[in-house]
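Residues per chain are reported as follows:
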Amino acid sequence: MPTGEIEVVADELLLLNEAKTPPFSPAEDAIGNEEVRLKYRLPRSAPRGDAAQFALRSRVAMAIRNYLVAEGFLEIETPFMTRSTPEGARDYLVPSRVHPGEFYALPQSPQIFKQILMISGFDRYFQIARCFRDEDLRADRQPEFTQIDLEISFPTQEIVFRVVEGFLTAAFAAAGVALMPPFVRMTYDEAIKNYGIDKPDMRLPPWSRSPTF
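Worth saying up front: this structure is predicted, and the values here are computed from it rather than measured.

Basis of the calculations
- Residues numbered from 1 in each chain as written.
- Predicted model: local features only at pLDDT ≥ 70, side-chain atom pairs only at ≥ 80, totals over all residues.
- Heavy atoms only, no water.
- Salt bridge = Lys/Arg side-chain N within 4 Å of Asp/Glu carboxyl O.
- Helix = DSSP H or I, 4+ residues; strand = E, 2+ residues; numbered from the N terminus.
- Buried < 20%, exposed > 50% of the residue type's maximum accessible area, 1.4 Å probe, protein only.
- Contact = heavy atoms within 4.5 Å.
- Polar contact = N/O pair within 3.5 Å; in protein donor to acceptor, adjacent residues only side chain to side chain.
- Axes fitted to C-alpha atoms, helices over the stretch in contact; angles between N-to-C directions.
- Left-handed = near helix turned anticlockwise from the far one by under 90°.
- Patch = residues over 30% accessible without salt bridge, like charges linked within 9 Å, V, L, I, M, F, W, Y side chains within 5 Å.
- Areas by Shrake-Rupley, 256 points an atom, 1.4 Å probe, with all protein chains shown as cover.
- pLDDT = per-residue confidence, 0-100.
- Expected span 1.5 Å × (residues − 1).
- Arc of directions from axis to C-beta.

Chemist: Please set out the pattern of salt bridges residue by residue, giving values where relevant.
Modeler: Tallied over the full model, the rule gives 8 salt bridges. For the salt bridge of Glu71 with Arg162, the shortest nitrogen-to-oxygen distance reads 2.8 Å. Taken together, the residues Glu71 in the loop between helix H2 (50-70) and strand S1 (74-75) and Arg162 in helix H4 (residues 157-174) connect sequence positions 91 residues apart. Glu71 sits in the partly exposed class, given a relative accessible area of 24%. On the basis of relative accessibility, which here comes to 40%, the residue Arg162 falls in the partly exposed class. For the salt bridge of Arg90 with Asp134, the shortest nitrogen-to-oxygen distance reads 3.8 Å. Placement of Arg90 in the loop between S1 and strand S2 (93-95) and of Asp134 in the loop between strand S4 (124-132) and strand S5 (144-152) is noted, with a sequence separation of 44 residues between them. Take Arg90: its relative accessible area is 56%, and that puts it in the exposed class. In this structure Asp134 comes out as partly exposed when scored by relative accessible area, which is 27%.

The structure is reproduced here in structure tokens:
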């Protein structure tokens, strides 16, 4: 006992099975040899590398959920297997066992059920949804990815700005980055006039201030 007192005194000791000396000490906070750690399936003392990225993603997703629920949104899951609704890419198809020769399609985006949900009375809902698009890899896109889908009945422009700025501020705060809403706003006409594109890179100067070549 930690106090030094003795509770039991043995008169006889019988050894039933001799154990080999383990290759590590259970008291170690971290196992230095990676092969030993993997062989005995020992966890790391703290997330690092890729594990830290998983932890960060979890905190960001929770911050988004907490903010949107506080704003009156419901998180609603919609089916993965549905009928094909052709969009910008090819669908991934899943053959039906019950109906031979017919297929389900995996959704390219989660909005395909929004009309049904809206007329059912769910005027504010969101999804952190999986999307599936059979297309070539791009720098910001892969065949399976996650996106945030927001649906609001009869919104005004200011409501959309406030909600999006709010959940982005909460998400970045969970990652240790402080954002200061309101964000910079620009009309479509201003963007096209000054940058020639509707999603300008604000790190670049507008054409009106760019050097003339």
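Next comes the rest of the write-up.
Chemist: Mind laying out the environment of Cys131, listing which residues take part and the relevant values?
Modeler: Within the element layout of this structure, Cys131 appears in strand S4. The contact partners of Cys131, leaving out residues within four places of it in the chain, are Pro107, Gln108, Ser109, Pro110, Pro143, Glu144, Phe145 and Gln147.

Chemist: Help me get a handle on the environment of Ser84, residues and values and all.
Modeler: Tracing the sequence through the fold places Ser84 in the loop between S1 and S2. For the pair Ser84 and Gln108, spaced 24 residues apart in sequence, the C-alpha separation works out to 9.3 Å. Aside from chain neighbours lying at most four places away, what touches Ser84 is Asp91 and Ala105. In terms of polar contacts, Ser84 uses its side chain to reach the side chain of Asp91, at 2.4 Å.

Chemist: Talk me through the packing of H2 against H4; I want residue IDs and the actual numbers.
Modeler: It is at 8 Å that the axes of H2 and H4 come closest, and there the two elements cross at 145°. For the crossing formed where H2 meets H4, the hand is right-handed. Note on element contacts: H4 touches H2 through Arg162, Val163, Gly166, Phe167, Ala170, Ala171 and Ala174, opposite Leu56, Arg59, Val60, Ala63, Ile64, Tyr67 and Leu68.

Chemist: Quick rundown of a nonpolar patch on the surface? Include the residues and the values.
Modeler: On the surface, Phe80, Met81 and Tyr104 cluster together into a nonpolar patch covering about 290 Å² of accessible area. Looking at where Met81 falls in the secondary structure, it is placed in the loop between S1 and S2. Using a relative accessible area of 43% as the deciding quantity, one classes Met81 as partly exposed.

Chemist: Please give an account of the confidence of the model for the protein chain that cites residues and values.
Modeler: Per-residue pLDDT for the protein chain has a mean of 85; in total, 90% of the residues score no lower than 70. Of all helices and strands in the protein chain, the one with the weakest mean pLDDT is helix H1 (residues 34-39) (78), whereas H4 scores best (95).

Chemist: Explain H2 to me, using residue names and the numbers behind them.
Modeler: Between the first and last C-alpha of H2 there are 31 Å, a value that for 21 residues agrees with the 30 Å anticipated at 1.5 Å per step. Ala61, Ala63, Ile64, Tyr67 and Leu68 are the residues of H2 that are buried. One side of H2 carries all its buried residues, which in axial view fall inside an arc of 155°. Exposed and facing more than 90 degrees away from the buried side of H2 are Phe54 and Ala70. Looking at the packing, one finds that the buried side of H2 touches S4, S5 and H4.

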